[in-house]
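Structure at a glance
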Amino acid sequence: MLYAPGAFTVSNTYSTNQYGEVGLAAGDEPLLQPTDVARPGTVEAEEVEADNAARAVVLDDGASTNFLNSSNAGLTPPYVSLDEPVRVGAAARFTEPVVVDYRNSTWKLNPTRPLAAGAAAPVRFEDTRTAQPEDVGGDVRVATFNVLNYFTTLGADVAGCTSYDDRTGDPVTTRSCPGDGPRGAFEAEDLERQQAKIVAAIDALDADVVGLLEIENSLVVDGVADEATATLVDALNAAAGEDRWAYVPSSRQLPPAAEMDVITNAIIYQPAAVERSGESLALGTESAAGGAFDNAREPVAQEFVPAGGGEPFLVVVNHLKSKGSAGPWPGDADAGDGQGASNESRVRQTTALRDWVDEIAADGEAVALVGDFNSYTQEDPLQVLYDAGYTDAASRLAEGQRSYSFDGLSGSLDHVLLNGPALERATGADVWEINAEESIALEYSRYNYHGTLFYAADPYRSSDHDPVVVGLGAGATEEPEPEPQAPAWDARTVYVDGDRVSSDGRQYEAQWWTRGEVPGSTPWGSWMEVGAAVPTADGTVSAWTPSWVYTGGETVAHDGRLWKAKWWTRNQEPGASPWGPWQDLGAL
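Residues numbered from 1 in each chain as written. Predicted model: local features only at pLDDT ≥ 70, side-chain atom pairs only at ≥ 80, totals over all residues. Heavy atoms only, no water.

Some words on a negative patch on the surface
- Taken together, E44, E46, E47 and E49 make up a surface patch of like negative charges.
- Owing to a relative accessible area of 52%, E49 belongs among the exposed residues under this scheme. (Patch = residues over 30% accessible without salt bridge, like charges linked within 9 Å, V, L, I, M, F, W, Y side chains within 5 Å. Areas by Shrake-Rupley, 256 points an atom, 1.4 Å probe, with all protein chains shown as cover. Salt bridge = Lys/Arg side-chain N within 4 Å of Asp/Glu carboxyl O. Lys, Arg positive; Asp, Glu negative; His and termini not counted. Charge placed at Lys NZ, Arg CZ, Asp CG, Glu CD. Buried < 20%, exposed > 50% of the residue type's maximum accessible area, 1.4 Å probe, protein only.)

Some details on the packing of aromatic side chains
- Applying the stated rule across the entire model yields eight aromatic pairs.
- Between Y79 and F125 the ring centres are 6.2 Å apart and the planes differ by 85°, which places this aromatic pair in the edge-to-face class. Linking Y79 in the loop between β4 (56–59) and β5 (91–94) with F125 in strand β8 (residues 123–125), this pair joins segments that are 46 residues apart in sequence.
- Judged by centre distance (5.2 Å) and plane angle (75°), the ring pair of Y550 and W582 falls under edge-to-face. Within this pair, whereas Y550 is found in the loop between β29 (539–543) and β30 (555–558), its partner W582 is found in strand β32 (residues 582–587), the two being separated by 32 residues in sequence.
- The class of Y550 is buried, set by a relative accessible area of 4%.
- A network of ring pairs unites the aromatic residues Y269, F304 and F313 as a single cluster.
- Positioned over the ring face of Y460 is R129, at 4.2 Å from the centre of the ring. (Phe/Tyr/Trp six-rings, centres within 6.5 Å; stacked < 30°, edge-to-face > 60°. Helix = DSSP H or I, 4+ residues; strand = E, 2+ residues; numbered from the N terminus. Lys NZ or Arg CZ within 6 Å of the ring centre and 35° of its normal.)

Notes on the nonpolar core
- Counting 38 residues, the largest nonpolar core has V209, V274, F304, F313, V315, V416 and L418 as its most contacted members.
- Here V274 is in contact with V140, D208, V209, Y269, F304, V305, P306, A307 and F313, once residues within four sequence places are set aside.
- Core analysis: the next-biggest nonpolar cluster, separate from the first, contains 32 residues, V147, I215, L232 and W245 among them. (Core = buried A, V, L, I, M, F, W, Y, C linked by side-chain atoms within 4.5 Å. Contact = heavy atoms within 4.5 Å.)

Some points on the pattern of salt bridges
- According to the stated counting rule, one finds 27 salt bridges in the structure shown.
- Note that E21 is salt-bridged to K108, the shortest N-O span being 3.5 Å. Of this pair, E21 sits in the loop between α1 (16–19) and β3 (22–26) while K108 sits in strand β7 (residues 106–110), and the two are 87 residues apart along the sequence. Like E21, the residue K108 is buried in the burial classification.
- Ionic pairing is found between R244 and D203, a salt bridge with its closest N-O pair at 3.5 Å. You can see R244 sitting in the loop between α6 (227–240) and β13 (246–247) and its partner D203 sitting in helix α4 (residues 188–205), a full 41 residues away along the chain.
- The exposure class assigned to R244 is partly exposed, which follows from its relative accessible area of 27%.

A short note on the sheet that holds strand β25 (residues 500–503)
- The sheet built from three strands is open, its strands ordered β25-β26-β27 with antiparallel pairing. On the outer flanks of this sheet lie β25 and β27 (527–529), each paired with one strand and no other. Adjacent strand axes in the sheet meet at a mean angle of 35°, parallel and antiparallel pairs treated alike.
- Sheet analysis places β25 next to strand β26 (residues 506–510), joined by four bridges and oriented antiparallel. Counterpart to R500 in the pairing with β26 is E509. (Pairing = 2+ DSSP bridges. Axes fitted to C-alpha atoms, helices over the stretch in contact; angles between N-to-C directions.)

The values reported here are purely geometric and, on their own, carry no functional implication.
Shown next as C-alpha cells:
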C-alpha cells in the first residue's frame, strides 16, 4: 500500500553500501541500546527494547541488488554520498509516498520505482556533520579516540597474511596473519589513506591530551616499542607544519611482550598546552594467566600539569575486553541481559583499575579515566567506577550524545569518567559524532569497493568509534609563600651559627662566629650559600651550592637532575666524578 510517512530519524547505515537500505526510527531520535539508557534486566530496559521494536523500519531502494557481490562491483549504491551523507541521528523527511511491505522480518518503506544512485529519492536527509567538536571550554582538553587498528606493520610485509580486497582484487586491509601478526592496512597506500583520515580527525579534535585505543603494540609486533605511535605523531606534526605533538613513551611497568596483546593503549599530547609530570605508568601486574587483564589491554597513565600553570591531573587510558567472545570466568557467558559476553571479565578489569588508580593518584588529584570500556553507560563494569565516585562526563555534560552504533542501536562504549576533583574542574563535554554515524563505505577499509570512490582524506568515518572530548579548568594556582628576605650583610656586625644574610641577591647562612668576611668570597669560609627551591614531582628540593655543607642523606638539584649526598661533602660538584660523594637519582 502507499503510505505518506511522518517524522523519522536515521538509525542504521551499516548495510547501506551493501543493500541500498537505511534503518529508520519513527520519531526524532534513533533506536537506543537498552543498557545505555537503563540498568540491565530492569523494566526500564525492557521498555526501551519494546520501543525500539515499535519504531524500527527500513527504507529500501526498491531493488534486491547486493552491491558487494562481485557481479555488481561496478555499481554504485544509493543513499551513499561524500557530499550529502546519510548519518545516524539525522532527520529523514519524506517528499513523496512510499510503498509499505513486510519482508525479512521487518517493515520496509520502498520507493515507487527502483532507486538508482544519483536519482531523486523520495526522502531528504538532514546534514548533521560538523567541522569540529562543540566548544567544551576549559584551559585543557582531554579526549579518547579509538583509531581502528592503526598498524604501521603491514600485512603485505608478513609472510602468510591474507587480505580483504577491493573490487579489482587489490588488497586493502589485513584479514589474518600467522601468530601475533598485524591488523589494519595491508599495503603502504592503504596505510596512507587510513593515516590521512586519522590525522585530519585528531587535528580538528584539537585536544591537548588524547588517549588512543587500537594502535599497534609495536613491541609485540616487530620488537620496536612505540614505533606506530611515533609514526602517527610524526604525521600529525607534518600536517601541522611544526612540532605540535609528542607521545608518552611506554611505561617500564608494562609486562613482558609475551603477556601483551598486538594492540595497545597510548597517549599523545601537545607540549605547548600541558607538561608531563613524572614517568608514564601502567597496570602491568594483572596480565598473566588468571589476572584481570589477561584478556584485555593494560591501562596506561600519565600525570600532566597545565603549561600555563595550575593543578596536576592524571589521565588513565583503558580498553576493556570486548563483548564478542566469552572470557574464562563463570560470568563471562552471555547472560542475555544486553551486556554481551565477558561481562565478568570487564567487571574484574574495572575493579582492578579502580584499586590501581587509588594507589597512583595523589590525594585530591583530578583523575580522568578515558577509553573504550566496551560497556554501555548503565552496565555493570561502569557501575563499579560510579560507585567509586566517578561520573560519566558525556552523560552529565553532553546529554543525548552517543559514541557507537551497533546493529542499528546507538549507545556509548567510549567514555571519559571523572572523579570528584576532575568533575569540579570540568567545563564541558562533547561526543564528536564523525564516525559511528557515517556509512562504512566512507572508511579507508572500503576503498574502491564500488563503482564510485567514496574515500576522502577528512575526519568522517576515520574510525568506527566517535571521539569524546572534555574541557577542564587549570585549577587553582597557589602562589608559594615568599621566603622572608634576610637582612643585608654588614661588615661591622658579628654573626654566629645559624644567622642568615643576603648579599648580591643571594642568601647565606653562617656556620660559626664571623665578622667582616664577605659572603660568597670563598666556598671554604664561614658562609654557606642557601640553595634556591626547585620544584619536583614530590615537592621541592634545594639547588646545590658549592659552599653549603652536606653531611649525608640530603637531596639536591643540579643540572636538571636529582642527587643524594652519600657522606660529608662541600664544594664537590654533583656529577663531576663517578667516585664522588653524590648518588645520581635521575632527571627532575
